[in-house]
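Structure assessment
Okay, here's what each chain looks like letter by letter:
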Amino acid sequence: MRLIRLKEVMSMTGLGRSTVYNYIADNVFPKSVSLGDRAVAWVESEIEEWVLARIEERDEGREFYSKKA
């Protein structure tokens, strides 16, 4: 198991910082793991699974996420 920091999460997903945290708040993205007072990381395999699920949804013609106003 490997923990990755936000910069790598952003690189793997193509998402920006705010989008990552907005998706977490909306329960559509893996939650971070606290590493201390001011440090968090994500489980790499959970991020990989999230990306693969987006690809699967694309291939099945389903919509991933539509935020309701």
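The present account deals with the structure reproduced in this document. (Residues numbered from 1 in each chain as written. Predicted model: local features only at pLDDT ≥ 70, side-chain atom pairs only at ≥ 80, totals over all residues. Heavy atoms only, no water.)

1. What about the overall build of the protein chain?
The line we're drawing: Each helix is a run of DSSP H or I of at least 4 residues and each strand a run of E of at least 2, with the numbering of both proceeding from the N terminus. Burial classification: accessible surface area is computed with a 1.4 Å probe over protein chains only, and a residue below 20% of its type maximum counts as buried, one above 50% as exposed, and the rest as partly exposed. We call two residues contacting when some pair of their heavy atoms lies within 4.5 Å. Here, Shrake-Rupley sampling with a 1.4 Å probe gives the accessible areas, and only protein chains in the shown set may cover a residue.
Across its full length, the protein chain holds three helices and three strands. Ordered by position from N to C terminus, the α and β elements of the protein chain give β-α-α-β-β-α. Dimensions of the protein chain, computed from the C-alpha atoms along their principal axes, are close to 40 × 30 × 15 Å. When each of the 69 residues of the protein chain is scored for burial, the buried share is 26%. Looking at the protein chain alone, contacts between residues at least 24 apart form 45% of all its contacts between residues at least 6 apart. Here the protein chain displays about 5,100 Å² of accessible surface, and carbon together with sulfur accounts for 48% of that area.

2. Quick look at the sheet that holds strand E3 (residues 40-43)
For clarity, the cut-off: When DSSP finds two or more bridges between a pair of strands, those strands are recorded as paired.
The sheet built from three strands is open, its strands ordered E1-E3-E2 with antiparallel pairing. Either end of the sheet is taken by a strand with one partner, and the two such strands are strand E1 (3-4) and strand E2 (33-34). As judged from the two bridges shared by E2 and E3, these two strands associate in the antiparallel manner. Residue Ser 34 lies in a different strand from E3, and its bridge partner there is Val 40.

3. Let's talk about the nonpolar core
The condition that has to hold: As used here, the term nonpolar core means buried Ala, Val, Leu, Ile, Met, Phe, Trp, Tyr and Cys residues forming a set that is joined through side-chain atoms within 4.5 Å.
In terms of nonpolar packing, the biggest core is built from eleven residues, these being Ile 4, Leu 6, Val 9, Leu 15, Val 20, Tyr 23, Ile 24, Phe 29, Trp 42, Ile 47 and Trp 50. Contributions of two or more residues to this core are made by helix H1 (6-13), helix H2 (17-25) and helix H3 (44-60). The dominant element in this core, judged by the number of residues it contributes, is H2, at three residues. Those residues in contact with Phe 29 that sit more than four places away from it in its chain are Val 9, Thr 13, Leu 15, Val 20, Tyr 23, Ile 24, Trp 42, Ile 47 and Trp 50.

4. Things to note about the pattern of salt bridges
Basically, it comes down to this: What counts as a salt bridge is simple: a side-chain nitrogen of Lys or Arg found within 4 Å of a carboxyl oxygen of Asp or Glu.
The final tally for this structure, using the stated rule, is six salt bridges. As a salt-bridge pair, Arg 58 and Asp 59 come within 2.8 Å of each other at their nearest N and O atoms. The residues Arg 58 and Asp 59 share a single accessibility class, namely exposed. We note a salt bridge from Arg 62 to Glu 60, for which the minimum N-O separation is 2.8 Å. Classification of Glu 60 by relative accessible area gives partly exposed; the value is 48%. One network of salt bridges, with partners in common, ties together Arg 2, Glu 8 and Glu 44.

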